[in-house]
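Observations on the three-dimensional arrangement
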Amino acid sequence: MEEDLFKALADPTRRLILDELTERDGQSLFEVCARLATRHGLAVSRQAVSQHLAVLEAAGLVTARREGRYKFHDLDTRPLEHIVRRWLTPAPPEDTP
């Protein structure tokens, strides 16, 4: 799971998608594409953004929900909390002989 998470975070476009979902959760594919184009000057196809969202979903960073014929994407930060605990929480001292 951590490998999928790091792979998802390694791509700058996916990080921008996460930034956009942080600012405004519950966006459709069209909204994500429009925000990437207008706010970041990225001319990325809907198919490419859809693939990026699939990678983010596989890593557990994005959840998708359907309402009628629309699919909305929400940020899920729980996988990041595991990483923060892993490296930012002090480990207990090791017993030395």
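See the structure shown above.
Note that the structure is predicted; figures quoted are calculated from it, not measured. (Residues numbered from 1 in each chain as written. Predicted model: local features only at pLDDT ≥ 70, side-chain atom pairs only at ≥ 80, totals over all residues. Heavy atoms only, no water.)

**Regarding the pattern of salt bridges**
When the charged atoms of two side chains with opposite charge come close together, those side chains can pair. Where we set the bar: For this analysis, a salt bridge means a side-chain nitrogen from Lys or Arg found within 4 Å of a carboxyl oxygen belonging to Asp or Glu. Helix and strand definitions here come from DSSP, where helices need a minimum of 4 consecutive H or I residues and strands a minimum of 2 consecutive E residues; each element is numbered from the N-terminal end. Burial classes: relative accessible area under 20% of the type maximum marks a residue as buried, over 50% as exposed, and values in between as partly exposed (1.4 Å probe, protein chains only).
What the rule picks out here adds up to nine salt bridges. Across the pair Glu57 and Lys71 runs a salt bridge, and its minimum N-O distance is 3.9 Å. Note that Glu57 is positioned in helix H4 (residues 46-58) and Lys71 in strand E3 (residues 70-75), a separation of 14 residues in sequence. Lys71 gets classed as partly exposed once you look at its relative accessible area, which sits at 31%. Across the pair Arg65 and Glu67 runs a salt bridge whose closest N-O atoms are separated by 2.6 Å. Judged by its relative accessible area of 45%, Glu67 falls in the partly exposed class. One salt-bridge network, held together by shared partners, links Glu20, Glu23, Arg35 and Arg39.

**Focus on the packing of aromatic side chains**
The following threshold applies: Pairing of aromatic rings covers Phe, Tyr and Trp, the last counted by its six-membered ring, and requires centre-to-centre distances within 6.5 Å; plane angles under 30 degrees mean stacked, over 60 mean edge-to-face, and any other angle means tilted.
Summed over the entire model, instances satisfying the criterion amount to one aromatic pair. Where Tyr70 meets Phe72, the ring centres are 6.4 Å apart and the plane angle is 40 degrees; that geometry is what we call tilted. Relative accessible area serves as the criterion here: at 46%, Tyr70 is assigned to the partly exposed category. Phe72 sits in the buried class, given a relative accessible area of 17%.

**Looking at H4**
Counted only if it meets this: Between the first and last residue of a helix there are one fewer steps than residues, each counted as 1.5 Å, and that sum is the expected span. Taken from the helix axis, the directions to the C-beta atoms give the arc we talk about. Contacts between residues were defined by any pair of non-hydrogen atoms, one from each residue, lying within 4.5 Å.
End to end, H4 covers 18 Å across 13 residues, agreeing with the expected 18 Å (1.5 Å per residue, within 8%). Along H4, the residues classified as buried are Val49, His52, Leu53 and Leu56. What you see down the axis of H4 is that its buried residues fit within an arc of 100 degrees, all on one side. Summarising the contacts, the buried residues of H4 are in contact with helix H1 (2-10), helix H2 (12-23), helix H3 (29-40), strand E2 (62-67) and E3. Phi for Gly60, located one or two positions after H4, is positive at around 85 degrees.

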